[in-house]
Amino acid sequence: MKELLTYIVQSLVDDPAQVSVTERKADGEIIFEVRVADGDMGKVIGRNGRIVKQIRILMRAVAQRKGKKVSVEIMD
């Protein structure tokens, strides 16, 4: 799942080398922390948060098929 999220975010930004996805577990849930270059933050979040919302929906759907819980956080 981490590879999928990394691929999606790298496809959205201008500087894919600056994309960093870290994975941590808390309370039986996998939390992905996404960091991108400052100039690319808006491309990942989107207008009114639409893009990040769709990324979260997609990742939850993938996780649900595997019987896991996932959340995606965009870090600054």
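Values in this document were obtained by computation on a predicted structure and should not be read as measured data. (Residues numbered from 1 in each chain as written. Predicted model: local features only at pLDDT ≥ 70, side-chain atom pairs only at ≥ 80, totals over all residues. Heavy atoms only, no water.)

Caption draft 1: Representation of the environment of Lys 68 within the structure. Counting through the fold element by element, Lys 68 comes out in the loop between helix H3 (50-65) and strand E3 (69-75). Since its relative accessible area comes to 44%, Lys 68 is described here as partly exposed. Separated by 22 residues in the primary sequence, Lys 68 and Gly 46 have C-alpha atoms spaced 26 Å apart. (Helix = DSSP H or I, 4+ residues; strand = E, 2+ residues; numbered from the N terminus. Buried < 20%, exposed > 50% of the residue type's maximum accessible area, 1.4 Å probe, protein only.)

Caption draft 2: Summary view of the sheet that holds strand E1 (residues 20-26). Taking strand neighbours across the sheet as the criterion, the three strands line up as E1-E2-E3 in an open arrangement whose pairing is mixed. Where the open sheet ends on each side, the last strands, each with one partner, are E1 and E3. Within the sheet, the average angular offset between the axes of one strand and its neighbour, ignoring direction, is 25 degrees. The sheet contact formed by strand E2 (residues 29-35) and E3 spans seven bridges and is parallel. Paired with Glu 29 across the two strands is Lys 69, which belongs to E3. Lying on the sheet, H3 is in contact with E2 and E3; it crosses E3 at an angle near 155 degrees. (Pairing = 2+ DSSP bridges. Axes fitted to C-alpha atoms, helices over the stretch in contact; angles between N-to-C directions. Contact = heavy atoms within 4.5 Å.)

Fair warning: the whole summary comes from geometry, so function is off the table for now.
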